[in-house]
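# Analysis of the macromolecular model
This is what each chain is made of:
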Amino acid sequence: MPSASPSTARAINDRLALDLLHREGALTAAQLKTLTGLSRPTVADLVERLQDAGLIEIVGEAGAERRGPNAKLYGIVAERAYLAGLDVRTHGVAVSVADLLGRTRAEASLPFDLDVDTEVAVERAIALLEATTAEAGATELHTIAVGAPGLVDPATGGLRHAGGLPAWHGRLVDELRRRLGVPVLLENEVNLAAAAEQRLGAARDRDTFVLLWLGFGVGAAVVLDGSLRRGASGGAGEIGFLPMLGPGRLPTATDCDGGFHTLAGSAAICELARAHGIPASTGDNAEAAEAAVGYAIDANAEEFLEIVAERIAIGAAAVTAVLDPGCLVLGGEIGRAGGDALASRVSRRLSEISPLRTEVRAGTVGGGAVLEGAVLTAMGAAQDALFTPGG
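Please read these numbers as outputs of a predicted model, since none were measured by experiment.

The rules we used
Residues numbered from 1 in each chain as written. Predicted model: local features only at pLDDT ≥ 70, side-chain atom pairs only at ≥ 80, totals over all residues. Heavy atoms only, no water. Axes fitted to C-alpha atoms, helices over the stretch in contact; angles between N-to-C directions. Helix = DSSP H or I, 4+ residues; strand = E, 2+ residues; numbered from the N terminus. Parallel < 35°, antiparallel > 145°, perpendicular 65-115°, else oblique. Contact = heavy atoms within 4.5 Å. Nonpolar A, V, L, I, M, F, W, Y, C, P; charged D, E, K, R; others polar. Expected span 1.5 Å × (residues − 1). 1 Å grid on protein atoms, 1.4 Å probe; cavity = no way out; pocket = protein on both sides within 12 Å on 5 of 7 lines; lining within 4 Å. Points joined across faces, edges and corners; volume = space filled by probe spheres on them. Domains from an automatic or database assignment. Buried area = accessible area lost by both parts, 1.4 Å probe. Salt bridge = Lys/Arg side-chain N within 4 Å of Asp/Glu carboxyl O. Polar contact = N/O pair within 3.5 Å; in protein donor to acceptor, adjacent residues only side chain to side chain. Buried < 20%, exposed > 50% of the residue type's maximum accessible area, 1.4 Å probe, protein only.

Attention now goes to the packing of helix α6 (residues 189-200) against helix α12 (residues 369-386). Two elements in contact, α6 and α12, have axes whose closest approach is 7 Å; the angle formed by their N-to-C orientations is 80 degrees. By the angle class used here, α6 and α12 are roughly perpendicular. Across from Glu 189, Leu 192, Ala 193, Ala 195, Ala 196, Arg 199 and Leu 200 in α6, the residues of α12 making contact are Ala 369, Val 370, Glu 372, Gly 373, Ala 374, Leu 376, Thr 377 and Met 379. Residues of the contact of α6 with α12, tallied by class, amount to 10 nonpolar, 2 polar and 3 charged.

In structure tokens:
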């Protein structure tokens, strides 16, 4: 096998050092030598090269005496680039602007009425992003990642709407790309939540798992062998369309009523709650279902919780029968409200109807999972671009 060219070897060494500085924090040249296994002259060259590129800087000194060249601590220049994550929902948008290390510098959100005009929504969302970017102290953004419900077409990078989703979602992404002239990455919201749970939350020790999203709608994100699997048309995990046996019509290509959505989405959970004397607002949205499940947990409404767990287990059994992931994480507003109490009930019920051993965990990232995942995605893309020669 031919050896790498000098320029390729330098690029590999630079990326190795930058990845270590991101993961470990500030390091001395001696620590970089130990962790990379490179020679002292090679480390000295890469440190000089990365400083000249504006990617690393001296951030302090280490050691008992804290002086001399060997004590210099090098760290990534976090302000080298700023990035943004957007969580786009049916009822509004949330924005987070972070530095190159993924540290949040400013956040904001803005609610929208369901019948908001498309152009008005787009302009307000872009204005919110611009204001948040300014608040973060950035003059421009390097990369933006957007999480939205619906299918992301892998061929075009655009949003394919399922029924009932606002038209301004796709229009916003188009306008961001046109106006800002920077990479705008679009990803399904559940996939981004899975990225957050894998990096920061309940799936940190798993390279294969499924995140089951339980909110206004239901969906799943599939991570196999450390890689997110989107499917041939970007629709892997659209389990809201999974047909359910029993009375009622089947879902259609544009309407998931009659599928698993009808069994475990927020409207179904709110209706079930009211039938069991549990308060649930007539809005039937994700927040109403979250409040109802939270109330049931506090009140130990066993019958209601068992039915909810059984409904979730039905969809989970279909997922595990096909993928056998070994681990299922419950996310979304309903999963978050149910916490460990609901996860344990789903686990027990799932073990009764599926022969496959599956651990069920409650998501731990919380209500900002989609936004966290968007920031992580933007950070990864920005680092890939900047940590590459010529970036």
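What follows deals with helix α10 (residues 302-323). Taking 1.5 Å as the rise per residue, α10 with 22 residues should run 32 Å; its terminal C-alpha atoms sit 30 Å apart, in good agreement. Each element contacted by the buried residues of α10 is listed here: β10 (209-214), α7 (260-264), α8 (266-275), α9 (286-299), β13 (327-331) and α11 (332-353). Two residues or fewer past α10, Asp 324 is found with a positive phi of approximately 45 degrees.

Counted under the stated rule, the structure contains 1 cavity of 30 Å³ or more. When its volume is computed, the largest cavity comes out at roughly 70 Å³. Around the largest cavity, the lining residues are Ala 193, Glu 197, Leu 211, Trp 213, Leu 330, Gly 331, Gly 332, Arg 336, Gly 363, Gly 366 and Ala 369. Secondary structure elements with two or more residues in the lining of the largest cavity: α6, β10, β13 and α11. Per-class residue counts for the lining of the largest cavity are 5 nonpolar, 4 polar and 2 charged.

Our focus in this paragraph is the domain arrangement of the protein. If you check the domain split of the protein, you get domain 1 (6-76), domain 2 (83-191 + 370-387) and domain 3 (204-364). Computed over C-alpha atoms, the centres of domain 2 and domain 3 are 26 Å apart. Each partner contributes to the interface: domain 2 provides 14 residues, whereas domain 3 provides 16 residues. For the pair domain 2 and domain 3, the two sides together bury roughly 1100 Å², of which 54% comes from carbon and sulfur. Per-residue buried area on domain 2 facing domain 3 is highest for Leu 151, Val 190 and Asn 191; these three make up 44% of the total on that side. Viewed at the interface, domain 3 and domain 2 are joined by 2 salt bridges. If you look at where domain 2 meets domain 3, you find 2 residue pairs in polar contact (both at pLDDT 80 or more). Looking at the side of domain 2 that touches domain 3, the elements with two or more residues in it are β7 (151-152), β9 (184-188) and α6. Of the residues assigned to the side of domain 2 that touches domain 3, the class counts are 6 nonpolar, 5 polar and 3 charged.

Moving on, we come to the layout of surface pockets. Considered as a void within the structure, the second largest pocket measures approximately 360 Å³ in volume. What lines the second largest pocket is a set of 22 residues, and nearest its centre among them are Ala 195, Gln 198, Arg 199, Leu 376 and Thr 377. Mapped onto the lining of the second largest pocket, the elements with two or more residues apiece are α1 (6-24), α6, β12 (227-229) and α12. Taken together, the residues that form the lining of the second largest pocket break down as 8 nonpolar, 9 polar and 5 charged. Built from parts of two domains, the lining of the second largest pocket gets at least three residues from each of domain 2 (83-191 + 370-387) and domain 3 (204-364).

It is worth spelling out the pattern of salt bridges at this point. Between side chains of opposite charge, a pair can form as their charged atoms come close. This model, assessed by the stated rule, comprises 26 salt bridges. The closest approach of N and O atoms between Glu 175 and Arg 179, which form a salt bridge, is 2.8 Å. In this pair, Glu 175 and Arg 179 are both assigned in helix α5 (residues 168-180), 4 residues apart and thus about one turn of the helix distant. By relative accessible area, which is 37% here, Arg 179 ends up partly exposed. Measuring nitrogen to oxygen at the nearest pair gives 2.8 Å for the salt bridge that ties Asp 205 to Arg 361. Note that Asp 205 is positioned in the loop between α6 and β10 and Arg 361 in strand β14 (residues 359-362), a separation of 156 residues in sequence. Residue classification places Asp 205 among the exposed residues on the basis of a relative accessible area of 57%. Since its relative accessible area comes to 15%, Arg 361 is described here as buried. When salt bridges with common partners are traced through the structure, they connect Glu 119, Glu 123, Arg 171, Glu 175, Arg 178 and Arg 179 into a single cluster.

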